[in-house]
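Each chain, letter by letter, is given below.
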Amino acid sequence: VSAAFILIACGTRPFRPDYVPFDGVTVLDSDEIIELPKLPRSLAVIGAGVIGVEYATIFSALDVPVTLIEPRPTFLDFIDKELIDEFM
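Residues numbered from 1 in each chain as written. Predicted model: local features only at pLDDT ≥ 70, side-chain atom pairs only at ≥ 80, totals over all residues. Heavy atoms only, no water.

J.: Lay out the packing of aromatic side chains with the relevant residues and their values.
T.: Enumeration over the complete set of coordinates arrives at 0 aromatic pairs. When the ring centre of Phe-22 is taken as origin, the NZ or CZ atom of Arg-16, which lies over that ring, is 4.2 Å away. (Phe/Tyr/Trp six-rings, centres within 6.5 Å; stacked < 30°, edge-to-face > 60°. Lys NZ or Arg CZ within 6 Å of the ring centre and 35° of its normal.)

Structure (structure tokens):
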């Protein structure tokens, strides 16, 4: 690959507030959840940003009951409102 400029976007790190008891077993961040040895019986996803919605959708498609929790009144505001209404 050759170019005048190359940008490597390696992503972000999960937000891990001190008051959340991450233990790598029952409370996981978005990096840890991809290493689960088996599917959970149910899942609560905190944060309806792009990554949270992505994981909620993946696990729901795998027949895992998912609760998506978002404190804001709306989410993914850049997506068509009709699609969000259908998702909800």
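J.: For the layout of surface pockets, give the residues involved together with the corresponding values.
T.: Looking at the largest pocket, its volume works out to about 1000 Å³. For the lining of the largest pocket, the elements supplying multiple residues, two or more each, are β1 (43–46) and α1 (50–61). For the lining of the largest pocket, a count of residues per class yields 19 nonpolar, 7 polar and 4 charged. (1 Å grid on protein atoms, 1.4 Å probe; cavity = no way out; pocket = protein on both sides within 12 Å on 5 of 7 lines; lining within 4 Å. Points joined across faces, edges and corners; volume = space filled by probe spheres on them. Helix = DSSP H or I, 4+ residues; strand = E, 2+ residues; numbered from the N terminus. Nonpolar A, V, L, I, M, F, W, Y, C, P; charged D, E, K, R; others polar.)

J.: I'd like a rundown of a nonpolar patch on the surface, residues and numbers included.
T.: Nonpolar side chains collect at one region of the surface, where Val-1, Ile-6 and Ile-8 lie side by side and expose about 440 Å² of accessible area between them. Here Val-1 is to be found in the segment before β1. (Patch = residues over 30% accessible without salt bridge, like charges linked within 9 Å, V, L, I, M, F, W, Y side chains within 5 Å. Areas by Shrake-Rupley, 256 points an atom, 1.4 Å probe, with all protein chains shown as cover. Salt bridge = Lys/Arg side-chain N within 4 Å of Asp/Glu carboxyl O.)

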